[in-house]
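# Observations on chain architecture
Letter by letter, the chains look like this.
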Amino acid sequence: MTVVLEAEGLTKRFPGRQAAAVDGVDLRLEEGRVLALLGANGAGKTTTLRMLTTLTRPTGGSARVAGADIRTSGSAVRRRIGVVGQYAALDEVLSGRANLVLFGRLLGLAPAAARQRAAELLVQFDLVEAAGRPVGQYSGGMRRRIDLAVALINRPRVLFVDEPTTGLDPVARRSLWDAVRELVDKGTAVVLTTQYLEEADALADDVVFLRDGSVALAGSIDELRLLAGPPRIETRPPSLEDLYLTLYGPTTAEENR
Amino acid sequence: MTRAITQSIVLAGRTFGHWRAQPVPFLVNLLFPTLVLLMMGGLLGGAIAGDLPTYFWYAVPGVLAVAMLFGLEGTMLAITTDAKNAITDRLRSLPISGAAVPAGRCLADMAASLLALATTCTAGLLMGWRPGSWTGLVEAALVLLAFRFALLWLGLFAGLRATSPEVVVAVQILVWPISMLSSVFVDPATMPRWLGAVAEWNPLSAAANAVRELTGSPTFTSTTWAGQHAVMLSLVTSGVVTAVFAPLAVRAYRNLDA
């Protein structure tokens, strides 16, 4: 398998602060796999992501993303990646369709091609009905989906997603997971940060635990599960989430997704 | 290069899209200088100059200069709102030219100010103001747009350095004392001597006096060097502000990756 992301000793020190925000992080990701960065608040997840996406310049170490060096070939990296930030970074005033066309044009598509790509993505993310409304009026789940759609305009080889489902209800969360899985099946590599272990369990192939900016533990999800001990078989009473999903499952909560 | 130009135009088009999507704030901004003209002229003009027609001849060039100053808030608000909504980061994560974002802002804001200029001029003409010559009016417009261009870079720099859109509120308030402490609405000679001197050297006064001079509108009889060389002073001030703040704004934008 092709390696699409490789980081060695990635480090970020912010001026005036004693401890490094990210301190010598090594990462490796092959195409068609999902890497989850886990860790408490302030562990360095977002800073790592910002360095890999060329938004923040590392103070040490190196990384290649989609075949290009993040330090010396920033614009080549930016051409081949998609970024979904913690907050849906969209023009609130413009409609969903207008946002897709705008970012498509900025990615170098001709007007007609940008409109066509927008139409495809609106169908793919089930946003056709809401396409003409300002994004500012979208629900949380819809915002995440249009945000993800914008990140996919250029068919990125590596997709970076920062806490994709924070603040989403369980149905919207699962719908976003499905969207991510679909991309991965087509060969896209995904790097995601999350606070929810359940999310990592559901999506990740590889897991990196960060603590105080360093890698505390890393491995494939199967290796890490072995570390956690022998499988326990326990019967568990249905949780509130199970109940929630039967009540509002995808078939009945179309508008919430 | 052509790509960077296309990207700038696409980004400027984003602002034009805002005007279409939200015509009310756009129209309020466009007509606000006219409102100021009617307010100052209609309500206070009689008290200041004795009669309204005379006062409008003073006030129209002044309000045209103030209309450019109002643009500063627009630039800052756009920059700080984009930063808050993480649009700035998304634009930086795209493979676009680093110059495209400021250039797009420049195109959109200069277009907005040109429209404000045209609207306020029209209002002035309706109030009975008549520029001496059309070429003079065009020259005056160029001086004003140079002033606005300088304010654009100041706004870009301040907007990039501002921590939140709330900072813009401070600017929106400060615009008023700055406008009052100038020759825009009244003759600085009527102010206490030291305040009058400050008002004479306010760049806003230079812009207002330059428009008066170029359009053959009456000027407050100024005896100071600043009052007598308004056109040159205004152009030099705009040039210096641009020369200082354009590099600072570009550096502030580049330093976002620190």
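No experiment lies behind these values; they were computed from the predicted model shown.

## A look at the overall build of chain A
Along its length, chain A carries 9 helices and 10 strands. The globule rule puts the C-alpha radius of gyration for 257 residues at 18 Å, and the 19 Å found for chain A is close to it. C-alpha extents for chain A along the principal axes are approximately 55 × 45 × 40 Å. Residues classed as buried in chain A amount to 47% of the 257 residues present.

## Considerations on the environment of Phe220 of chain B
All names here are of chain B. Relative to the helices and strands, Phe220 resides in the loop between helix H9 (203-214) and helix H10 (225-228). We classify Phe220 as partly exposed; it has 17 C-beta atoms within 10 Å. Considered as a pair, Phe220 and Ala189 are 31 residues apart in the sequence and their alpha carbons are 8.3 Å apart. Excluding residues that lie within four positions of it along the chain, Phe220 makes contacts with Ser183, Asp187, Pro188 and Ala189.

## Focus on the interface of chain A and chain B
Opposite the 22 residues of chain A that make contact, chain B presents 20 residues. When residues in the side of chain A that touches chain B are grouped by element, the largest group, 4 residues, is from helix H3 (residues 96-106) of chain A. Residues of the side of chain A that touches chain B, tallied by class, amount to 11 nonpolar, 5 polar and 6 charged.

## Thoughts on helix H4 (residues 111-124) of chain A
Look at H4 of chain A: 20 Å from first C-alpha to last across 14 residues, which is about the 20 Å you get at 1.5 Å a residue. A positive backbone phi angle near 60° is found at Asp126 of chain A, which sits one or two residues after H4 of chain A.

## Considerations on the sheet that holds strand E7 (residues 158-162) of chain A
Residues and elements named next belong to chain A. Read from one edge to the other, the open sheet built from 6 strands follows the order E6-E7-E8-E3-E9-E10, with strand pairing classed as mixed. One side of each edge strand has no neighbouring strand; the edge strands of this open sheet are strand E6 (81-84) and strand E10 (214-220). Neighbouring strand axes in the sheet, compared pairwise and without regard to direction, differ in orientation by 15° on average. The pairing of strand E3 (residues 34-38) with strand E9 (residues 206-211) spans 4 bridges and is classified as parallel. Its bridge partner being in E9, Leu38 is matched across the sheet by Phe209. Together, E6 and E7 form the strand contacts of helix H5 (residues 140-151), whose direction differs from that of E6 by roughly 160°.

## What about the nonpolar core?
Side chains that are nonpolar tend, in soluble globular proteins, to be buried together. Ranked by size, the top nonpolar core spans 143 residues in total, and within it Val191 of chain A together with Ala65 and Ala207 of chain B carry the most contacts. For this core, the leading source of residues is helix H3 (residues 52-84) of chain B, giving 18 residues. Non-local contacts of Val191 of chain A, meaning those with residues more than four positions away in its chain, are made with Leu5, Leu29, Leu35, Leu37, Leu49, Leu52, Val158 and Phe160 of chain A.

## Structural notes on the pairing of strand E4 (residues 60-65) of chain A
Two faces make up the sheet, and in a regular strand the side chains alternate between them. Residues and elements named next belong to chain A. Relative to E4, strand E1 (residues 3-12) is paired through 5 bridges, and the arrangement is antiparallel. Note on E4: the bridge partner recorded for Thr11 is Gly60. Pairing of E4 with strand E5 (residues 68-69), which is carried by 2 bridges, proceeds in the antiparallel orientation. Looking at the pairing, Val65 lines up with Ala68 of E5. What sits between the antiparallel neighbours E4 and E5 is a turn of 2 residues, in which Ala66 has the positive phi angle 50°.

## Some remarks on the confidence of the model for chain B
With 99% of its residues at a pLDDT of 70 or more, chain B has an overall mean of 91. Two summary scores accompany this predicted model of the complex, namely pTM at 0.87 and ipTM at 0.86.

## Looking at the environment of Met1 of chain A
Residue position: Met1 of chain A is located in the segment before E1. Aside from chain neighbours lying at most four places away, what touches Met1 of chain A is Glu30, Glu31 and Gly32 of chain A.

## Focus: unusual backbone geometry
Residue and element names in this part refer to chain A. The phi dihedral of Ala66 falls on the positive side, at around 50°, and the residue is not glycine. Within the secondary structure, Ala66 sits in the loop between E4 and E5. With 20 C-beta atoms counted inside 10 Å, the residue Ala66 sits in the buried group. The backbone of Asp212 shows a phi angle near 50°, a positive value even though the residue is not glycine.

## Some points on the sheet that holds E5 of chain A
Residues and elements named next belong to chain A. The strand order E2-E1-E4-E5 describes an open sheet built from 4 strands, whose pairing is antiparallel. Each edge of the sheet is formed by a strand with only one pairing partner; in this case those strands are strand E2 (22-30) and E5. For E1 and E2, the ladder comprises 6 bridges, and the chain directions are antiparallel. Paired with Val3 across the strands is Glu30, a residue of E2. Helix H1 (residues 45-52) contacts E1, E2 and E4 of the sheet and is inclined by roughly 120° relative to E1.

Thresholds applied
- Residues numbered from 1 in each chain as written.
- Chains lettered and ligands numbered in written order.
- Predicted model: local features only at pLDDT ≥ 70, side-chain atom pairs only at ≥ 80, totals over all residues.
- Helix = DSSP H or I, 4+ residues; strand = E, 2+ residues; numbered from the N terminus.
- Rg over C-alpha atoms; globule rule 2.2 N^0.38 Å.
- Buried ≥ 20, exposed ≤ 12 C-beta atoms within 10 Å, placed from the backbone.
- Contact = placed C-beta atoms within 7 Å.
- Nonpolar A, V, L, I, M, F, W, Y, C, P; charged D, E, K, R; others polar.
- Expected span 1.5 Å × (residues − 1).
- Pairing = 2+ DSSP bridges.
- Axes fitted to C-alpha atoms, helices over the stretch in contact; angles between N-to-C directions.
- Core = buried A, V, L, I, M, F, W, Y, C linked by C-beta atoms within 7 Å.
- pLDDT = per-residue confidence, 0-100.

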